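# Secondary and tertiary structure notes
Here is how the chains run, residue by residue.
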Amino acid sequence: KQWYQRRVRAASMMPVEERPPIRSSVTLGPWEIITQQCHILRSTCKCTADNTAYSGRCVACIYSDTLTLPDLPEMTFDRNFLSLRHTPSGGSISLITLDALALVDPSRDAVKVSYAAEWQEKRRDSEHLNNTVKPFDWTFKTAYRGSVSGAHSCSETQEEPDREKLLRRDQILFSTELVLFEDELADNGCSKLVVKCRVMPSFVLILLRQYVRVDRVMYRVQETRLYAEKTWNHVLREVTVREAGYHQVQHLDNSLLFDEWAIGQYLPVTECQRERLDFRLDSDSG
């Protein structure tokens, strides 16, 4: 016991950048769910350090070289990820921070374009905000819905998850929540991309959710749900986007306006898409 306590104390005293990632995995039928959580991205280059990755370059350089954004979210969890792997085929759908940021518009301020009137009104009230406008989508809005590898086909579908199974109070075999990135938008709102996962005896349900709030301007929630059953070799992916200007929801109580999970039900749906991702079995590869 004393040895364990010494190890815990030693780990807590380690510099953040030296703490190893926490990795977990669980298997359900042909599916393996792999997750990893770690500290935020270092803002300075560490290419001379021993723990470099990606052919000798540090992760900070990889992000800088890969992305065309002039800035990154305040809290970028570069090593956080979740992967749903189809073991028989080796295919997967993964949720990765770098891939999500790669879809942020590097040259257009989408909020200013879509909500011009609200934006100008807000800028008149805030000298600080006038100084923080950037020549890109500084809300880090992304259309990211997962990185797919090895899928045999992807097609639109009307198939839906089994609602009876979703509502049953079965034992939870595994659950986790991890943040891919988060930014307070220079104290003018919030942009947060989070992953939640729940593994039950008969299915796995994964949620990728981006919440964007620009105070007194707009709200946006994009939710991507991945659902697969224990006996399946395919994944159902449903993407729902909800968005509204502040004037559409300003009648709500402040407790709702600042609740990132509750506000979604009050935003109108602007996009909804269902897809089926099929993974080929090894025996079907010929």
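Since we're looking at a predicted model, the values are computed, not measured.

### Things to note about the overall build of the protein chain
Looking only at helices and strands, the protein chain has 9 helices and 13 strands in total. Counting across all 286 residues of the protein chain, residues that qualify as buried make up 45%. Here the protein chain displays about 15,100 Å² of accessible surface, and carbon together with sulfur accounts for 47% of that area.

### Describing the packing of aromatic side chains
Counted under the stated rule, the structure contains 4 aromatic pairs. Measuring from centroid to centroid gives 5.9 Å for W31 and F279, while their planes differ by 80°, and the two rings are edge-to-face. Highlighted residues: W31 in strand β2 (residues 31-37) and F279 in the segment after β13 (269-278), separated in sequence by 248 residues. Taken as a pair, W31 and F279 share a single burial class, namely buried. With a centroid separation of 5.4 Å and 35° between ring planes, the pair formed by F203 and Y227 is classed as tilted. Taken together, the residues F203 in strand β10 (residues 203-214) and Y227 in strand β11 (residues 218-229) connect sequence positions 24 residues apart. A relative accessible area of 0% places F203 in the buried class. Given the relative accessible area of 1%, Y227 is considered buried. Every member of this aromatic cluster is reached through a ring pair, and the members are F203, Y227 and W232.

### Details of the confidence of the model for the protein chain
Predicted coordinates in areas of low pLDDT are best not read in detail. Averaged over every residue, the pLDDT of the protein chain is 84; the share at 70 or more is 78%. The low-confidence segment residues 1-15 (pLDDT under 50) makes 4 contacts with residues lying over four places distant or belonging to another chain. Here residues 127-133 is modelled with pLDDT under 50, and outside its nearest four sequence neighbours on either side it reaches 12 contacts, counting other chains as well.

### Some points on empty space enclosed by the protein
One pass over the full model with this rule turns up 1 cavity of 30 Å³ or more. Each pocket or cavity is described by its volume, and for the largest cavity that value is around 40 Å³. T142, Y144, L193, L208, Q210, Q222 and T224 are the residues that line the largest cavity. For the lining of the largest cavity, the secondary structure elements donating two or more residues are β10 and β11. In terms of residue class, the lining of the largest cavity is built from 3 nonpolar, 4 polar and no charged.

### Observations concerning the environment of Q248
You can see Q248 is positioned in helix α8 (residues 246-249). Looking at Q248, the relative accessible area reads 39%, which means it is partly exposed. When the C-alpha positions of Q248 and Y219 are compared, they lie 9.7 Å apart, and in sequence the two are 29 residues distant. A distance of 2.7 Å separates the side chain of Q248 from the backbone nitrogen of G245, its partner in a polar contact.

### Quick notes on the environment of L166
The topology assignment puts L166 in helix α7 (residues 163-167). Taking the C-alpha atoms as reference, L166 lies 9.8 Å from V204; in sequence the two are 38 residues apart. Once you skip the residues sitting within four places of it in the chain, L166 turns out to touch P161, R198, F203, L205 and Y227.

### A closer look at the side chain of T157
Here T157 is to be found in the loop between β7 (153-156) and α7. One polar contact links the side chain of T157 to the main-chain amide nitrogen of E159, over a distance of 2.9 Å. Contact partners of T157, with chain neighbours within four places excluded, come to L236, R274, E275 and R276.

### Remarks on the pattern of salt bridges
For the coordinates displayed, the defined rule picks out 16 salt bridges. One salt bridge in this structure joins K192 and E260, with 3.7 Å as the shortest N-O distance. In this pair, K192 is assigned in strand β9 (residues 189-199) and E260 in the loop between α9 (254-257) and β13, connecting sequence segments 68 residues apart. Ionic pairing is found between R213 and D215, a salt bridge with its closest N-O pair at 2.6 Å. Each member of the pair, R213 together with D215, is buried.

Reading the values: rules and limits
Residues numbered from 1 in each chain as written. Predicted model: local features only at pLDDT ≥ 70, side-chain atom pairs only at ≥ 80, totals over all residues. Heavy atoms only, no water. Helix = DSSP H or I, 4+ residues; strand = E, 2+ residues; numbered from the N terminus. Buried < 20%, exposed > 50% of the residue type's maximum accessible area, 1.4 Å probe, protein only. Areas by Shrake-Rupley, 256 points an atom, 1.4 Å probe, with all protein chains shown as cover. Phe/Tyr/Trp six-rings, centres within 6.5 Å; stacked < 30°, edge-to-face > 60°. pLDDT = per-residue confidence, 0-100. Contact = heavy atoms within 4.5 Å. 1 Å grid on protein atoms, 1.4 Å probe; cavity = no way out; pocket = protein on both sides within 12 Å on 5 of 7 lines; lining within 4 Å. Points joined across faces, edges and corners; volume = space filled by probe spheres on them. Nonpolar A, V, L, I, M, F, W, Y, C, P; charged D, E, K, R; others polar. Polar contact = N/O pair within 3.5 Å; in protein donor to acceptor, adjacent residues only side chain to side chain. Salt bridge = Lys/Arg side-chain N within 4 Å of Asp/Glu carboxyl O.

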